[in-house]
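Each chain, letter by letter, is given below.
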Amino acid sequence: MDAAAAACVAALQGDARPVQPECSTDALALLDERRSNLAQARVRAVNQLHALLRALLPGGAPRDLSAAKAEQLLESVVPAGPAEITRHTLAADLVAEVRIWDVKLKDNAKAMASLVAESGSRLTDTPRASGP
């Protein structure tokens, strides 16, 4: 009620600013936050997968795991005992999750690119600075 009363007073006194509809910049901010959350979820899944594969594979697993590479490694494992069977099952579930995160990240990037293109921005034409 307080907010409504304040809005009425502002409107009557001419202090109110017109509310502008949200624009593509707002949509890009939403998609950017979603991208960040998706990437964090993917990193967590890959880290869990890496830990399971280290326990299942002699010599461990490579650090740069893709879903395809992890699946290939899993196919070479013949689990022995209930703990290894459980690790193997969990690892297979995580491979599926990583694939889902990859699709969601790709869809997010497409949505962002579409918004940038619709806005007429030349932001994506800006050359990237090369790192050291």
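Details of the structure are given in the entry above.
All of the points below concern the structure found in this document. (Residues numbered from 1 in each chain as written. Predicted model: local features only at pLDDT ≥ 70, side-chain atom pairs only at ≥ 80, totals over all residues. Heavy atoms only, no water.)

**A few points about the nonpolar core**
The condition is simple: Throughout, nonpolar core names a set of buried Ala, Val, Leu, Ile, Met, Phe, Trp, Tyr and Cys residues whose side chains join them through atoms within 4.5 Å. Partly exposed residues are those whose accessible area sits between 20% and 50% of the maximum for their type, while under 20% is buried and over 50% is exposed, using a 1.4 Å probe and protein chains only. Helix numbers and strand numbers start at the N terminus; a helix is a DSSP run of H or I with at least 4 residues, a strand a run of E with at least 2. What makes two residues a contact is simply this: any of their non-hydrogen atoms within 4.5 Å.
In terms of nonpolar packing, the biggest core is built from 18 residues, with Leu-49, Leu-53 and Leu-65 touching the most fellow members. Taken together, the elements giving at least two residues each to this core come down to α2 (24-56), α3 (67-75) and α4 (81-119). Examining the composition of this core, we find that six residues originate from one element, α2, more than from any other. Setting aside chain neighbours within four positions, we find Leu-49 in contact with Leu-65, Ala-70, Ala-91, Leu-94 and Val-95.

**Remarks on the environment of Ala-92**
One can find Ala-92 in helix α4. Residue Ala-92 is classed as partly exposed on the basis of its relative accessible area, which comes to 36%. Taking C-alpha positions, Ala-92 is 7.2 Å from Glu-71, a pair spaced 21 residues apart along the chain.

**Quick notes on α2**
Applicable threshold: Here, expected helix span is obtained from the residue count minus one, scaled by 1.5 Å.
Under the 1.5 Å per step criterion, the end-to-end length of α2 is 47 Å for 33 residues, consistent within 8% with the ideal 48 Å. Turning to α2, its buried residues are Leu-31, Leu-38, Ala-41, Arg-42, Ala-45, Val-46, Leu-49, His-50, Leu-52, Leu-53 and Leu-56. Summarising the contacts, the buried residues of α2 are in contact with α3 and α4.

**Considerations on the side chain of Asn-108**
Residue placement: Asn-108 occurs in helix α4. You can call Asn-108 buried: its relative accessible area is 6%. Not counting the four nearest positions on each side in its chain, Asn-108 is found in contact with Leu-31, Arg-34, Arg-35 and Leu-38.

**Comments concerning the pattern of salt bridges**
The test is simple: Salt bridges are identified by distance alone: a Lys or Arg side-chain nitrogen within 4 Å of an Asp or Glu carboxyl oxygen.
This model, assessed by the stated rule, comprises three salt bridges. Across the pair Asp-32 and Arg-35 runs a salt bridge, and its minimum N-O distance is 2.8 Å. Residue Asp-32 and its partner Arg-35 are located together in helix α2, separated by three residues, close to a single helical turn. The shortest N-O distance in the salt bridge between Arg-99 and Glu-71 comes to 3.0 Å. Of this pair, Arg-99 sits in helix α4 while Glu-71 sits in helix α3, and the two are 28 residues apart along the sequence.

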